[in-house]
Amino acid sequence: VPSFCVGAPTRAAATFRSCSCASSRTRSTHAAWCLLLLPGDVRAGETSPLGMKRVAQASLKKAGPAQIVVANAGFGVSGAFETLTLDDFRRQFETNVFGMIRTALAFLPQLKETRGTLVLTGSVVGHLSPPGAAPYGMSKYAVRALAESLRPELALSGVKVVLVSPGFVDTEIHRVDNRGRLHGHAVDAAPRSLMIKPDKAAAAIARGIRWGCAELVVTWHGKLLVFLSHAAPWLFRLLGRMLAKRL
């Protein structure tokens, strides 16, 4: 089953396919699959060799039409609102929102052909946006809205849409600055006790795709926060005031 994943923050792309004709160097740890790496940038335009349209064409040529496309590129812009600029907001949306749209549009013809699944990676922050994270929160609310709009629309073509809303996952996103630059030695401010490993998150996402979930909230604390954001919104307004004083 060919599938495609655009990784974080912007320049990673990978296609998985049957390993029957692959060299041993490209084999993954799972004997039935191999990994095809393609350079790509979700911010690039259609005419760029790194653009998603070109990546989709290369993937189709090398691995056949995709059945599962995971749009996963993203990073976080944070800071007190009055310290941020319009360029900070634009930079955030260019990757987190327009990158998702470019990926979906580029691979949609393949997904229609295979009646496959489009997976959009949102966040728990797409349900509740804390102070000091307005650009990131806005972008993830937009991804959630995109998923909700596309789900019934693409269902007419047999394409399923799954929204993934993770909590804290132990990835490099917490060490990427507001300009999308990775600082490998930066201290991760996220609470380690609440983090889960990427392989566990990936396994949960795979199950959600297999079960046909409309939205999959990953991590126990993520599920709790999403539930409380709808059941007790007053609690988050109070918590928001407390967090805002620390900015």
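An account of the accompanying structure is given in this report. (Residues numbered from 1 in each chain as written. Predicted model: local features only at pLDDT ≥ 70, side-chain atom pairs only at ≥ 80, totals over all residues. Heavy atoms only, no water.)

**Concerning helix H4 (residues 134-155)**
Here's step 1: When the terminal C-alpha atoms of H4 are compared, their 32 Å separation across 22 residues agrees well with the 32 Å that a helix rising 1.5 Å per residue should span.
Here's step 2: Three or more residues of H4 are buried, namely Pro135, Tyr136, Gly137, Ser139, Lys140, Val143, Arg144, Ala147, Leu150 and Leu154.
Here's step 3: Buried residues along H4 sit against helix H2 (86-96), helix H3 (98-114), strand S5 (117-121), strand S6 (160-166) and helix H6 (220-231). (Helix = DSSP H or I, 4+ residues; strand = E, 2+ residues; numbered from the N terminus. Expected span 1.5 Å × (residues − 1). Buried < 20%, exposed > 50% of the residue type's maximum accessible area, 1.4 Å probe, protein only. Contact = heavy atoms within 4.5 Å.)

**Details of the nonpolar core**
Burial of nonpolar side chains together is a common tendency in soluble globular proteins.
Here's step 1: By size, the foremost hydrophobic cluster in this structure holds 26 residues, and its most contacted members are Val69, Phe107, Leu118, Leu120, Leu154 and Val161.
Here's step 2: Secondary-structure elements contributing two or more residues to this core are helix H1 (52-63), strand S4 (68-71), H3, S5, H4 and S6.
Here's step 3: Counting residues per element, this core draws most heavily on H3, which supplies 6 residues.
Here's step 4: Ignoring anything within four residues of it in the chain, the contact list for Leu120 reads Ala71, Met100, Val143, Leu146, Ala147, Val161, Val162, Leu163 and Val164. (Core = buried A, V, L, I, M, F, W, Y, C linked by side-chain atoms within 4.5 Å.)

**Observations concerning the packing of H2 against H4**
Here's step 1: Following both chains from N to C, one finds H2 and H4 inclined at 30 degrees, their axes separated by 9 Å at the closest point. For the pair H2 and H4, the crossing hand works out as right-handed. Mapping the contact onto sequence places Phe89, Gln92, Phe93 and Asn96 in H2 and Ala134, Pro135, Tyr136, Met138, Ser139, Lys140, Ala142 and Val143 in H4.
Here's step 2: Of the residues contributing to the contact of H2 with H4, the split by class is 8 nonpolar, 3 polar and 1 charged. (Axes fitted to C-alpha atoms, helices over the stretch in contact; angles between N-to-C directions. Left-handed = near helix turned anticlockwise from the far one by under 90°. Nonpolar A, V, L, I, M, F, W, Y, C, P; charged D, E, K, R; others polar.)

**A closer look at the pattern of salt bridges**
Here's step 1: For the structure on display, the rule yields 6 salt bridges.
Here's step 2: A salt bridge links Asp41 to Arg43; the nearest nitrogen and oxygen atoms lie 2.9 Å apart.
Here's step 3: Taking the relative accessible area as the measure of exposure, Asp41 reaches 8% and is therefore buried.
Here's step 4: Residue classification places Arg43 among the partly exposed residues on the basis of a relative accessible area of 32%.
Here's step 5: With its nearest N and O atoms 2.9 Å apart, the salt bridge here joins Asp88 to Arg91. Residue Asp88 and its partner Arg91 are located together in helix H2, separated by 3 residues, close to a single helical turn.
Here's step 6: Overall, the relative accessible area of 10% leaves Asp88 in the buried class. (Salt bridge = Lys/Arg side-chain N within 4 Å of Asp/Glu carboxyl O.)

**Overview of the pairing of S5**
Here's step 1: Most of S5 is tucked away: 5 of the 5 residues are buried.
Here's step 2: Burial along S5 is two-sided: Thr117, Val119 and Thr121 and Leu118 and Leu120, pointing in opposite directions, are all buried.
Here's step 3: Pairing geometry for S4 and S5, over 4 bridges, is parallel. Across the sheet, residue Val70 finds its bridge partner in S5, namely Val119.
Here's step 4: Inspection of the sheet shows S5 paired to S6 by 5 bridges, in the parallel sense. Of the residues in S6, the one forming a bridge with Thr121 is Val164.
Here's step 5: Note that the unit made of S5, H4 and S6 has a crossover that is right-handed. (Pairing = 2+ DSSP bridges. Right-handed = clockwise from strand over helix to strand, strands pointing away.)

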